[in-house]
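A closer look at the structure
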Amino acid sequence: MSQLLGDIAAVLIALSGVAVIVGVVLIRRGDRVRHPRAMLTATALAGLFLVFYLLKWGLYGTTRYAGPEEWRGAYYALLLSHTVLAAVNGPLVLWLLYNAFKGRFGVHKAWARWTVPVWLYVAATGWVIDQVLARYGESAGGIGF
Ligand code: HEM
């Protein structure tokens, strides 16, 4: 069940990355109607990801890496960069949405150039981390309810 929740979360975050790419393609084509729809879908998927991720964490605690030693450093570097950028991504997305809905598209555009790569990095690494833990993870217990 723990891995199932992790897999659902990983699919949701990967889909949010796909929706972001669709949103970028749409705005490049000048589609100001479907761009917001794609980006709001991406935001909803990322929010749902968070629900499943927190559910897994709350019910089963954290998962520890128990794979080959020579990959441990690379895994934790990936996990650290993913976690830090995921924390940064949340406020960036809210700021983007706020400026878009206020009609401040200049500010929106400027911040979007940073936020999109961060979002895509977080989505891709989230999926990779889930795949690694599916194979090499072991329960580390933790705060499980
Ligand atoms: C968090 C979600 C969003 C992301 C990641 C995002 C991302 C982007 C990106 C990458 C661009 C193109 C920047 C460039 O040309 O270099 C852009 C432009 C734009 N976005 Fe968004 N967007 C989001 C939500 C929205 C929403 C909700 C709206 C409308 C209410 C909106 C309206 C626009 C408009 C009108 C432009 C074109 C601005 C211009 O060319 O002057 N975006 N956005």
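Now for a look at the structure at hand. Keep in mind the model is a prediction, meaning the values are calculated, not measured.

1. Some words on the coordination of the iron atom of the ligand
For the iron atom of the ligand, the full set of protein donor atoms is His35 (NE2) and His108 (NE2), and the range of their distances to it is 2.0 Å. Each of the 6 donor atoms bound to the iron atom of the ligand contributes to angles spanning 89 to 180 degrees, and the resulting shape is octahedral. Of this pair, histidine 35 sits in helix H2 (residues 34–60) while histidine 108 is found in helix H4 (residues 105–136), placing the two residues 73 residues apart along the sequence. Accessibility assignment for this pair places histidine 35 and histidine 108 in one class, buried.

2. Considerations on the packing of helix H3 (residues 72–101) against H4
At a minimum axis separation of 7 Å, H3 and H4 run at an interaxial angle of 145 degrees. The way H3 lies across H4 gives a crossing that is left-handed. For the contact of H3 with H4, the residue count by class is 22 nonpolar, 8 polar and no charged.

3. Overview of the packing of helix H1 (residues 2–28) against H2
Viewed as axis vectors pointing N to C, H1 and H2 meet at an angle of 165 degrees, and their least axial separation amounts to 8 Å. With respect to H2, the element H1 is oriented roughly antiparallel. In the packing of H1 onto H2, the handedness of the crossing is left-handed. Partitioning the contact of H1 with H2 into residue classes produces 24 nonpolar, 5 polar and 2 charged.

4. Considering the packing of aromatic side chains
For any pair of aromatic rings, the description rests on two quantities: the centre-to-centre distance and the angle between the ring planes. The tally for this structure, following the rule as stated, stands at 7 aromatic pairs. Summarising the aromatic geometry, the rings of phenylalanine 49 and tyrosine 53 are spaced 5.8 Å apart at their centres and angled 25 degrees between planes, so their arrangement reads as stacked. Of this pair, phenylalanine 49 and tyrosine 53 both sit in helix H2, 4 residues apart, which is roughly one turn of that helix. For phenylalanine 49, a relative accessible area of 17% puts it in the buried group. With a relative accessible area of 41%, tyrosine 53 lands in the partly exposed category. Arranged with centres 4.8 Å apart and planes meeting at 15 degrees, the rings of tyrosine 65 and tyrosine 75 form a pair that is stacked. With tyrosine 65 in strand S1 (residues 63–65) and tyrosine 75 in helix H3, this residue pair connects regions lying 10 residues apart in the sequence.

5. Observations regarding a positive patch on the surface
Together, Arg28, Arg32, Lys109 and Arg113 make up a region of like positive charge exposed at the surface. Structurally, the position occupied by arginine 28 is in helix H1.

6. Side note on the pattern of salt bridges
Once the charged atoms of two side chains with opposite charge are near each other, the side chains can pair. The final tally for this structure, using the stated rule, is 3 salt bridges. Here arginine 34 makes a salt bridge to aspartate 31, at a shortest N to O gap of 2.8 Å. On the basis of relative accessibility, which here comes to 18%, the residue aspartate 31 falls in the buried class. Measuring nitrogen to oxygen at the nearest pair gives 3.2 Å for the salt bridge that ties arginine 72 to glutamate 69. For arginine 72, a relative accessible area of 27% translates into the label partly exposed. For glutamate 69, a relative accessible area of 54% gives the class exposed.

Rules and cut-offs
- Residues numbered from 1 in each chain as written.
- Predicted model: local features only at pLDDT ≥ 70, side-chain atom pairs only at ≥ 80, totals over all residues.
- Heavy atoms only, no water.
- Donors = N, O, S within 2.8 Å, 3.2 Å for Na, K, Ca; no water.
- Tetrahedral: all angles 85-135°; square planar, octahedral: opposite > 155°, others 65-115°.
- Helix = DSSP H or I, 4+ residues; strand = E, 2+ residues; numbered from the N terminus.
- Buried < 20%, exposed > 50% of the residue type's maximum accessible area, 1.4 Å probe, protein only.
- Axes fitted to C-alpha atoms, helices over the stretch in contact; angles between N-to-C directions.
- Left-handed = near helix turned anticlockwise from the far one by under 90°.
- Nonpolar A, V, L, I, M, F, W, Y, C, P; charged D, E, K, R; others polar.
- Parallel < 35°, antiparallel > 145°, perpendicular 65-115°, else oblique.
- Phe/Tyr/Trp six-rings, centres within 6.5 Å; stacked < 30°, edge-to-face > 60°.
- Patch = residues over 30% accessible without salt bridge, like charges linked within 9 Å, V, L, I, M, F, W, Y side chains within 5 Å.
- Areas by Shrake-Rupley, 256 points an atom, 1.4 Å probe, with all protein chains shown as cover.
- Salt bridge = Lys/Arg side-chain N within 4 Å of Asp/Glu carboxyl O.
- Lys, Arg positive; Asp, Glu negative; His and termini not counted.
- Charge placed at Lys NZ, Arg CZ, Asp CG, Glu CD.

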